[in-house]
Amino acid sequence: MAPSLTKDSVSPGTPGSERTFFGQPRGLATLFMTEMWERFSYYGMRALLPLYLVAPGGLHLNAAAATAIYSVYVSLVYLLAMPGGWFGDRVWGPRKTVAVAGGVIMLGHLTLALPLSGTFYMGLGLVAIGSGLLKANISTMVGHLYDGPDDPRRDGGFTVFYMGINLGAFAAPLVIGTIGENVNWHLGFALAALGMALGLAQFLIGSRHLAPRSSVVPTPLSAEEKVSTLRKAAIWAGIAVVFYAIVGFSGHYTLNWILVPLTLLGVIIPTMVLVRIKRDNSLDRVEQSKMSAYIWFFVAAAVFWMIYDQGGSTLAIFADSSAENSVFGWSFPVSWYQSVNPVLIMALAPVFAWFWLALNRRGKEPSTIVKFASGLVLVGASFFLFLAPLSIAEGGHKAAAMWLVAIYFVQTVGELLLSPVGLSVTTKMAPAKYASQMMGVWFLAVTAGDATTGLLSIAGVGLNGMNVVALEATLAVVAGVAVWMYRNRVKQLMGGVH
């Protein structure tokens, strides 16, 4: 059923017009559709990416190279969310930043649609930059629609908004994946560009319903800061151009000259950000203690995402080569596996919300630490489960599709235990000085996890080998057990946060 717009009474001064979207401000419809189409384009392209990289009709790379490229790309998307938020706060304001981001994403997909291998990586870079610009700012604009954090509609509004994410993620592999795999890879990428174009068009048309403050630059750069920022950017860009020109003209250039620095940055930058905050002498003793506890959650989350995000790379490449991708004799494209997670999220998230509330009323809801530990154990269990289809494939047989569906199911349950809790605990444990930056810090856990996967792939580690899969599974389970065993110590560090 299409989202309905109804007349509703709105108190004077409420941002947006009198028309409402499921009882929410009308501007939420604009942001809902923008996010849905952006996620449609992003997840559609992402479902095709590893398959295109290994396909004889694509770039025909080996599995390790494809996994490295995929992991670096995903880590960059989350790494660039922090400078994306900075642009919204200091340069363009959230509304303009999202409009520019949509154009950059669309241009990136169009570049991917060109049947030229030389422009492919440029297209990936543009999509990553655009996604980073959009990611932080569109959520900020959702918050602008409400009368502060105590507005009773706020939580419901974000719930509706995140449904747009999963609707786009669910539909994308079914449409873009089918066309890309069965008709033409580049036509699939072009469909992703069309999806972003639709999202951008309706954003520009419907942006009049957004809160006026979404167009405001909260803390604009001073003239001196602009000059300093441009000077530093020009220096670093010049160094990069000179360095890669020397490497290229000397005949030593390979793809690893790009991949290795990016993966190292994906590990180094999150570490530096955490160290900088932890060593800030202006934080009081309680804030320092909370940051010590938060580092536990951050490392645990990085291990989780390192394994979880291989559902789009290691598992997808395995399915392409070694799985019987059919149910009851009906075959389907490999990219359709990427729709399993979002449909499970939409089905299970309300169940989990009800379950936690029911336990809370009885005083039996598990603590944040227990939920985190359980999420880690489950993602480890999913890779222990992965050993079964790997063993079947090593025996010369095709693994049944339901093995992979079962793996995605276990990972999704783990995600529902860890991801929402992580977002919540990040806001609760953030020092006041870094309140607006800590959500970007949480995204850096994804960056660190995916960058680690990228480094392993670049080093030639076969991530679909049984020994490596078993080692990763063991690491996650051990990490989960360690978090649980030290739960009392972490609780002390968390202070009054539960």
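Quick caveat, the model's predicted, so the values are computed rather than measured.

1. Considerations on the overall build of the chain
Each helix and strand counted, the chain has 17 helices and 7 strands in total. Radius of gyration (C-alpha) of the chain: 23 Å, near the 23 Å computed for a compact globule of 498 residues. In terms of principal-axis extent, the alpha carbons of the chain reach across some 65 × 55 × 50 Å. Taken across its 498 residues, the chain has 50% of its residues classed as buried.

2. Description of the confidence of the model for the chain
Looking at the chain as a whole, the pLDDT averages 88, with 94% of positions reaching at least 70. Segment residues 1–17: pLDDT under 50, and 32 contacts once partners within four positions in sequence are set aside and those in other chains are kept.

3. So, helix α13 (residues 368–394)
For α13, built from 27 residues, the straight-helix expectation of 39 Å at 1.5 Å per residue is met to within 8% by its first-to-last C-alpha distance of 40 Å. Glycine 396, located one to two residues past α13, shows a positive phi value of around 90 degrees.

4. Quick word on a nonpolar patch on the surface
Taken together, the side chains of Trp296, Val377, Val481, Trp484, Met485 and Tyr486 present a nonpolar region at the surface, about 580 Å² in accessible area. The element contributing the most residues to the nonpolar patch is helix α16 (residues 466–485), with 3 residues. Relative to the assigned elements, valine 481 resides in helix α16.

5. Side note on the packing of helix α3 (residues 81–90) against helix α5 (residues 117–144)
In helix packing, the relevant descriptors are the interaxial angle and the interaxial distance, both defined with respect to the helix axes. Here α3 crosses α5 at 65 degrees, and the two axes come no closer than 7 Å. Here α3 and α5 pass one another in a crossing that is right-handed. The residues of α5 that touch α3, namely those facing Ala81, Gly84, Gly85, Phe87 and Gly88, are Gly132, Leu133, Lys135, Ala136 and Asn137. The residue makeup of the contact of α3 with α5, split by class, is 4 nonpolar, 5 polar and 1 charged.

6. Focus on unusual backbone geometry
With glycine set apart, most residues show a phi of negative sign, and most peptide bonds adopt trans. The backbone phi angle of histidine 60 is positive, close to 55 degrees, even though this residue is not glycine. Inspection of the secondary structure assignment puts histidine 60 in the loop between α1 (27–54) and α2 (63–79). Relative accessible area serves as the criterion here: at 55%, histidine 60 is assigned to the exposed category.

7. Describing the layout of surface pockets
Any space left empty among the atoms is revealed by the rolling of a water-sized probe across them. Quantified by volume, the second largest pocket comes out at close to 1900 Å³. Considering the residues around the second largest pocket, the lining is formed by 39 residues, among which Leu80, Pro83, Phe87, Ala233 and Trp236 are closest to the centre. Put simply, the parts of the chain that give the lining of the second largest pocket at least two residues each are α2, α3, α4 (94–113), α5, α8 (223–249) and α9 (256–278). Here the element with the most residues in the lining of the second largest pocket is α8; it accounts for 12 residues. Looking at the lining of the second largest pocket residue by residue, the class counts come to 30 nonpolar, 5 polar and 4 charged.

8. Details of the nonpolar core
Core analysis: the biggest nonpolar cluster contains 102 residues, and Met45, Tyr73, Phe120, Tyr294, Trp305, Tyr337 and Leu404 have the highest contact counts within it. No other element matches helix α10 (residues 285–308), which puts 13 residues into this core. Setting aside residues up to four positions removed in sequence, tyrosine 294 forms contacts with Leu274, Val425, Thr426, Met429, Met438, Val441 and Trp442. Of all hydrophobic cores here, the second largest spans 22 residues; its members include Ile105, Met141, Val142 and Leu210.

9. Comments concerning the environment of proline 218
Turning to its location among the elements, proline 218 is positioned in the loop between α7 (185–206) and α8. Between the alpha carbons of proline 218 and lysine 290 there is a distance of 28 Å; along the sequence they are 72 residues apart. Ignoring any residue separated from it by four or fewer positions in sequence, one finds proline 218 in contact with Gly88 and Asp89.

10. Let's talk about the packing of α2 against α5
It is the contact of α2 with α5, at a shortest axis distance of 7 Å, that shows an interaxial angle of 30 degrees. One way to sum up the angle between α2 and α5 is to call them roughly parallel. For the element pair α2 and α5, the recorded crossing hand is right-handed. Note on element contacts: α5 touches α2 through Tyr121, Leu124, Val127, Ala128, Ser131, Gly132 and Lys135, opposite Ile69, Tyr73, Leu76, Val77 and Tyr78. Within the contact of α2 with α5, the residues separate by chemical class into 9 nonpolar, 2 polar and 1 charged.

11. Digging into the packing of aromatic side chains
What the rule picks out here adds up to 28 aromatic pairs. Pairing tryptophan 37 with phenylalanine 40 gives two aromatic rings, centres 5.3 Å apart and planes at 75 degrees, and the pair type is edge-to-face. Placement of both tryptophan 37 and phenylalanine 40 in helix α1 is noted, with a separation of 3 residues, approximately one turn of the helix. Taking relative accessible area as the criterion, tryptophan 37 reaches 22% and is therefore assigned partly exposed. Both rings, one in phenylalanine 87 and one in tryptophan 92, keep their centres 5.1 Å apart while their planes meet at 45 degrees; by these two values the pair is tilted. Looking at phenylalanine 87, the relative accessible area reads 27%, which means it is partly exposed. The rings of Tyr52, Phe120, Tyr121, Trp185 and Phe189 are connected pair by pair, giving a single aromatic cluster. The ring of phenylalanine 443 has lysine 135 lying over it, and the distance from NZ or CZ to the ring centre is 5.4 Å. Against the face of tryptophan 356 rests lysine 371, its NZ or CZ located 4.3 Å from the ring centre.

So, how was this worked out
Residues numbered from 1 in each chain as written. Predicted model: local features only at pLDDT ≥ 70, side-chain atom pairs only at ≥ 80, totals over all residues. Heavy atoms only, no water. Helix = DSSP H or I, 4+ residues; strand = E, 2+ residues; numbered from the N terminus. Rg over C-alpha atoms; globule rule 2.2 N^0.38 Å. Buried < 20%, exposed > 50% of the residue type's maximum accessible area, 1.4 Å probe, protein only. pLDDT = per-residue confidence, 0-100. Contact = heavy atoms within 4.5 Å. Expected span 1.5 Å × (residues − 1). Patch = residues over 30% accessible without salt bridge, like charges linked within 9 Å, V, L, I, M, F, W, Y side chains within 5 Å. Areas by Shrake-Rupley, 256 points an atom, 1.4 Å probe, with all protein chains shown as cover. Salt bridge = Lys/Arg side-chain N within 4 Å of Asp/Glu carboxyl O. Axes fitted to C-alpha atoms, helices over the stretch in contact; angles between N-to-C directions. Left-handed = near helix turned anticlockwise from the far one by under 90°. Nonpolar A, V, L, I, M, F, W, Y, C, P; charged D, E, K, R; others polar. 1 Å grid on protein atoms, 1.4 Å probe; cavity = no way out; pocket = protein on both sides within 12 Å on 5 of 7 lines; lining within 4 Å. Points joined across faces, edges and corners; volume = space filled by probe spheres on them. Core = buried A, V, L, I, M, F, W, Y, C linked by side-chain atoms within 4.5 Å. Parallel < 35°, antiparallel > 145°, perpendicular 65-115°, else oblique. Phe/Tyr/Trp six-rings, centres within 6.5 Å; stacked < 30°, edge-to-face > 60°. Lys NZ or Arg CZ within 6 Å of the ring centre and 35° of its normal.

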